[in-house]
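# Understanding the architecture of this molecule
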Protein chains: 2
Amino acid sequence: MQLKIDATDGTARAGQLHTRRGVLPTPLFMPVGTRGAVRTLDTDDLERLGAPIVLGNTYHLMLRPGAEAIAERGGLHQFMNWSGHLLTDSGGFQIFSLEPKVDEDGATFQSTYDGSYHRLGPERAVDVQVLIGADIQMALDVCPGLPAPDAVVVAAMERTHRWAERARRHWHEVADARPSYQEQFGIVQGGIDPVLRAISARAITSIGFDGYALGGLSVGESRQEMVPAIAAATELLPLDRPRYLMGVGDPAGLVEGVANGIDLFDCVLPTRLARHGTVLTDAGRMNLRNARYATDDQPLDPDAICPLTARYSRAYLRHLLGVHELTAMRLLTLHNLWWLARLMARCRAAIVQGTFESFRKDVLEVWGGR
Amino acid sequence: MQLKIDATDGTARAGQLHTRRGVLPTPLFMPVGTRGAVRTLDTDDLERLGAPIVLGNTYHLMLRPGAEAIAERGGLHQFMNWSGHLLTDSGGFQIFSLEPKVDEDGATFQSTYDGSYHRLGPERAVDVQVLIGADIQMALDVCPGLPAPDAVVVAAMERTHRWAERARRHWHEVADARPSYQEQFGIVQGGIDPVLRAISARAITSIGFDGYALGGLSVGESRQEMVPAIAAATELLPLDRPRYLMGVGDPAGLVEGVANGIDLFDCVLPTRLARHGTVLTDAGRMNLRNARYATDDQPLDPDAICPLTARYSRAYLRHLLGVHELTAMRLLTLHNLWWLARLMARCRAAIVQGTFESFRKDVLEVWGGR
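About the thresholds
Starting from 1, residues in each chain are numbered consecutively following that chain's sequence as written. Lettering of chains starts at A and numbering of ligands starts at 1, both following the order in which they are written. With the structure being a predicted model, the display of local features is reserved for residues of pLDDT at least 70 and the display and counting of side-chain atom pairs for 80 or more, all residues being used for whole-chain, interface and lining totals. Numbering of helices and strands runs from the N terminus, with a helix taken as a DSSP run of H or I at least four residues long and a strand as a DSSP run of E at least two residues long. When we talk radius of gyration, it's over C-alpha atoms, and the globule rule is simply 2.2 Å times the number of residues to the 0.38. Here, residue contact means that the backbone-derived C-beta atoms of the two residues sit within 7 Å. A least-squares superposition brings the copies together, and it is based on the C-alpha atoms of residues with pLDDT no lower than 70 in both. Three classes are used, and their members are as follows: Ala, Val, Leu, Ile, Met, Phe, Trp, Tyr, Cys and Pro are nonpolar, Asp, Glu, Lys and Arg are charged, and the others, Gly among them, are polar. Here a strand pair is declared whenever DSSP counts at least two bridges between the two strands. In this analysis an axis means a line fitted to C-alpha atoms, helices contributing only their contacting stretch, and an angle means the value between N-to-C directions, from 0 to 180 degrees. When an angle is under 35 degrees it counts as roughly parallel; over 145 it counts as roughly antiparallel; between 65 and 115 it counts as roughly perpendicular; any other value is oblique. By convention the crossing between two helices is left-handed if the near helix lies anticlockwise of the far one by an angle smaller than a right angle, and right-handed if it lies clockwise. In these notes, a nonpolar core means any group of buried Ala, Val, Leu, Ile, Met, Phe, Trp, Tyr and Cys residues linked to one another through C-beta atoms within 7 Å. Three exposure classes are used, all based on how many other C-beta atoms lie within 10 Å of a residue's own C-beta (placed from the backbone): buried at 20 or more, exposed at 12 or fewer, and partly exposed between those limits. Confidence per residue, as judged by the predictor, is encoded in pLDDT with a range of 0 to 100.

The subject of this paragraph is the overall build of chain A. If you tally the helices and strands in chain A, you get 14 helices and 16 strands. Taking 21 Å as the expected radius of gyration for a compact globule of 370 residues, we find that chain A reaches 20 Å, a close match to that expectation. C-alpha extents for chain A along the principal axes are approximately 60 × 45 × 40 Å. In chain A, once contacts between residues fewer than 6 apart in sequence are set aside, the share between residues at least 24 apart is 68%.

Put into structure tokens, the structure is as follows:
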């Protein structure tokens, strides 16, 4: 994996992430395919969207259909019949939202599907992700909910560091045993305290991963709290490695992440909003359930016409949404993902042109209040 | 509207229904787009399927978004952005399942959306369907549930005849007032009694419609009860007009309908089955939830590979179904509609080749037990 930086503008950067599978243009938003499909979409849809990478969720996939089951089907690429990139998260975020029993060795948690108990530690998280077979896997981290007492944040961070060492060591063992095909990213923790984020960034980079993620952000804190924590970490991350801000997908958070040197993002927000009738537009959030759209023959965003949904009017989509047709959820999902991909392409173009700061301000003017 | 018969085989017939909009090959199964979309699909999907016609549901559309609202948006074709054919049912079937208050003038029923009261009679049903603007509209009929006492079936049939006369008269008034663009089909009632079906066929054909439908069948009676009722009606229907068996979409019912001279069918069955994980295949009904498919890498029906879903394995689709992904419901819907379109194309080919009887037996061998 090689990151070629095409341009920088302040700390923002536009690059090309070259992998064994191809090239990812950055900055890039990665749609989330939690259970092996982006909700309401199929692999054809992802290709039509031109999405170069999709996330799989380790927690969900290890429970349904099971990591071994996916491996038996040839891995997640073959299972979904998807030739683009895949990244799997470590499962940490979901597991720590389930109040697991955690000890130094790992975490025991209950399946939301059938209540059965499961165990995940740093080594098993590597193995599970090898079985799933994405192009990029994540080290297992400890994710405290925010706000949390300092001692909780520090303890989670320090355990994250110890688990990261074990995860990287095990990943090397696996990679030595057979030709390595996966990259592994480490995750920086440390809550919203810039000092802790800096400590964590140093600890994780000293282990040495193929890329670096910031975890445990966008979990309830304000954007004013989040941004300094991002900046404190990214200024210590190596310039030639990709940086991934986990769980951020709102337009303001995205441009602030890009401004602070982030290359990759993921979030369920745009797809979840779509299923609830909220449309991302150049004019801001649009609630399609609003009665005013019942007689509106325009496409979802006349300023940014998604080619996959251009033929449908707001009035028609509002009607389908109102009568609970899944069709509407899928079409709004397509639009929102297309719109976010376009936002990231515009970030990239602004960086290349050296106009990112004014682009950022324009986006924050529309989206910064939320 | 002109029906050109290309071939007959016994009472089965293969034709081309020429309309102002184009040509419909018959026999033909028409997918149901109840609320202005086939559930889980969009207009792009219908085009990919090659569906030449879709049904709209008058009852649902007059309540949401409202017939006037659709007319203001340019009619249902423009609302859905669909350039294929459209047919609207009269609303009778849904209304009579809601225990309406019925008098000679019409029926008063409650909206399932908000409990509000609405009134529909034969004239208003014409007007509502003019507003919706499909290519073909249906006369309002009285649909008793089966089994029903003879007196109820006879009374419903006789009122259906009186309403058909009023509907046709009003349709002519509307057509005279402005250039006619819609065809109107009359509906034969009469339960499962061949004598009543014959009486009804004579009464409805004596009024003179552009096409003839059989209503009130496939409502709980056995196929052995249904088929003689169909035969009794179709042998009295004019040869040069299309015949439409309403609400039949199971493979055995379809071939039996075709065998008895039916040209058009509709039913929500194939799409409803799909959403519940039941797949139509050449080997019969397949319950994709069955555990055996968890490790099955074949496409849904290896003997009949739908091009829109061919890239996905049974194992993958079963997984998506099991974790309640809407994606699976949509893909199975595409498969089932494709499979039924193929069944009808095979019926047509068998009629043209003069081998329909053996084709019918083959289909009944697989599907006849259900």
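Least-squares fitting of chain A to chain B yields an RMSD of 0.0 Å, with the transformation described by 0.0 Å of translation along the axis and a rotation of 180 degrees. Classification of the inter-copy transformation places it as that of a two-fold axis. When each C-alpha of chain A is compared by its distance to the rotation axis, Leu326(A) comes out closest, at 3.7 Å. The residues that chain A uses at the interface reappear at the interface of chain B in 100% of cases, marking a shared surface.

Counting residues at the interface gives 33 residues for chain A and 33 residues for chain B. Contributions of two or more residues to the side of chain A that touches chain B are made by α3 (67-72), α4 (76-80), α12 (314-322) and α13 (326-353) of chain A. Residues of the side of chain A that touches chain B, tallied by class, amount to 15 nonpolar, eight polar and ten charged.

Attention shifts here to the pairing of strand β1 (residues 2-9) of chain A. All names here are of chain A. In this sheet, strand β2 (residues 12-18) lies alongside β1 in antiparallel orientation, the contact comprising seven bridges. Paired with Gln2 across the two strands is His18, which belongs to β2. Taken together, β1 and the strand that follows it, β2, pair antiparallel across an intervening segment of two residues, in which Gly10 is found at a positive phi of about 65 degrees.

What describes two packed helices is the angle between their axes and the distance between those same axes. Residues and elements named next belong to chain A. At a minimum axis distance of 8 Å, the contact between helix α6 (residues 122-132) and helix α7 (residues 150-177) shows a crossing angle of 45 degrees. Here α6 is positioned oblique relative to α7, judged by the angle of their axes. Crossing hand, α6 versus α7: right-handed. Residue-level contacts link Pro122, Glu123, Ala125, Val126 and Val130 of α6 to Trp163, Arg166, Ala167, His170, Trp171 and Val174 of α7.

Let us look at the nonpolar core. Core analysis: the biggest nonpolar cluster contains 244 residues, and Leu317(A) and Leu317(B) have the highest contact counts within it. Not counting residues up to four positions away in its chain, the partners in contact with Leu317(B) are Leu288(B), Leu300(B), Tyr312(B), Ala328(B), Leu331(B) and Leu332(B).

Residues of chain A with pLDDT of at least 70 account for 99%, and the chain-wide mean is 96. Interface confidence in the predicted complex, given as ipTM, is 0.98; pTM for the same model is 0.98.

Residue and element names in this part refer to chain B. Spatial ordering of the open sheet is given by β1-β2-β3, a layout of three strands whose pairing is antiparallel. Of all strands in the sheet, those with a lone pairing partner are β1 (2-9) and β3 (23-26), marking the two edges. Pairs of neighbouring strands in the sheet enclose a mean axial angle of 15 degrees, with direction left out of account. Two elements, strand β2 (residues 12-18) and β3, share four bridges in a ladder whose sense is antiparallel. The partner of His18 across the bridge, within β3, is Val23.

What follows covers the environment of Pro228(B). Relative to the helices and strands, Pro228(B) is located in helix α9 (residues 223-234). Considered as a pair, Pro228(B) and Glu72(B) are 156 residues apart in the sequence and their alpha carbons are 44 Å apart.

Here the focus is the sheet that holds strand β3 (residues 23-26) of chain A. Residues and elements named next belong to chain A. Taking strand neighbours across the sheet as the criterion, the three strands line up as β1-β2-β3 in an open arrangement whose pairing is antiparallel. Two strands bound the open sheet, and with one partner strand each, they are β1 and β3. Averaged over all pairs of adjacent strands, the angle between their axes in this sheet comes to 15 degrees, without regard to strand direction.

Turning our eyes to something else, we now look at the environment of Gln298(A). Residues and elements named next belong to chain A. Structurally, Gln298 is set in the loop between β16 (284-287) and α12. Sequence-wise, Gln298 and Cys143 are 155 residues apart; in three dimensions their C-alpha atoms are separated by 43 Å. Contacts of Gln298, omitting those with residues within four sequence positions, involve Ser313 and Arg314.

Before going further, it helps to spend a moment on helix α10 (residues 251-259) of chain A. Residue and element names in this part refer to chain A. With eight of its nine residues buried, α10 lies for the most part within the structure. By the burial criterion, the buried members of α10 are Pro251, Gly253, Leu254, Val255, Glu256, Gly257, Val258 and Ala259. Trailing α10 by a residue or two, Gly261 shows a phi angle of about 90 degrees, which is positive.

On to the pairing of β3(A). Within a regular strand, side chains alternate between the sheet's two faces. The side-chain alternation of β3(A) yields one buried face, formed by Leu24(A) and Thr26(A), and one unburied face, formed by Val23(A) and Pro25(A). The hairpin turn running from β2(A) into β3(A), its antiparallel successor, is four residues long.

Backbone torsion omega between Thr26(B) and Pro27(B) reads 0 degrees, so that peptide bond is classified as cis. Positionally, Pro27(B) belongs in the loop between β3 and β4 (28-30). Cis geometry is found at the peptide bond from Arg64(B) to Pro65(B), where omega equals 0 degrees. Tracing the chain through its elements places Pro65(B) in the loop between α2 (58-63) and α3 (67-72). At His324(A), a residue that is not glycine, the phi angle is positive and equals roughly 60 degrees.

Residue and element names in this part refer to chain B. One can describe the packing of helix α8 (residues 194-207) onto α9 by two numbers: an axis separation of 8 Å at closest approach and a directional angle of 30 degrees. Taken together, the axis directions place α8 and α9 in an arrangement best described as roughly parallel. Like other packed secondary-structure pairs, α8 and α9 cross with a definite hand, here right-handed. Touching Pro194, Arg197, Ala198, Ser200 and Ala201 of α8 are Pro228, Ala229, Ala232 and Ala233, all from α9. When the residues that make up the contact of α8 with α9 are grouped by side-chain class, the tally is seven nonpolar, one polar and one charged.

Bringing the environment of His77(B) into the picture now. Residues and elements named next belong to chain B. Residue placement: His77 occurs in helix α4 (residues 76-80). For the pair formed by His77 and Ile132, sequence separation is 55 residues and the distance between their alpha carbons is 8.6 Å. In contact with His77, other than residues within four places in its own chain, are Trp82, Ser83, Leu86 and Gly133.

Here we take up α12(A). The element α12(A) is largely enclosed, with a buried count of eight among its nine residues. Taken together, the buried positions of α12(A) are Arg314(A), Ala315(A), Tyr316(A), Leu317(A), Arg318(A), His319(A), Leu320(A) and Leu321(A). Along its buried surface, α12(A) packs onto α13 of chain A together with α4 of chain B. Following α12(A) by one or two positions, His324(A) adopts a phi angle in the positive range, close to 60 degrees.

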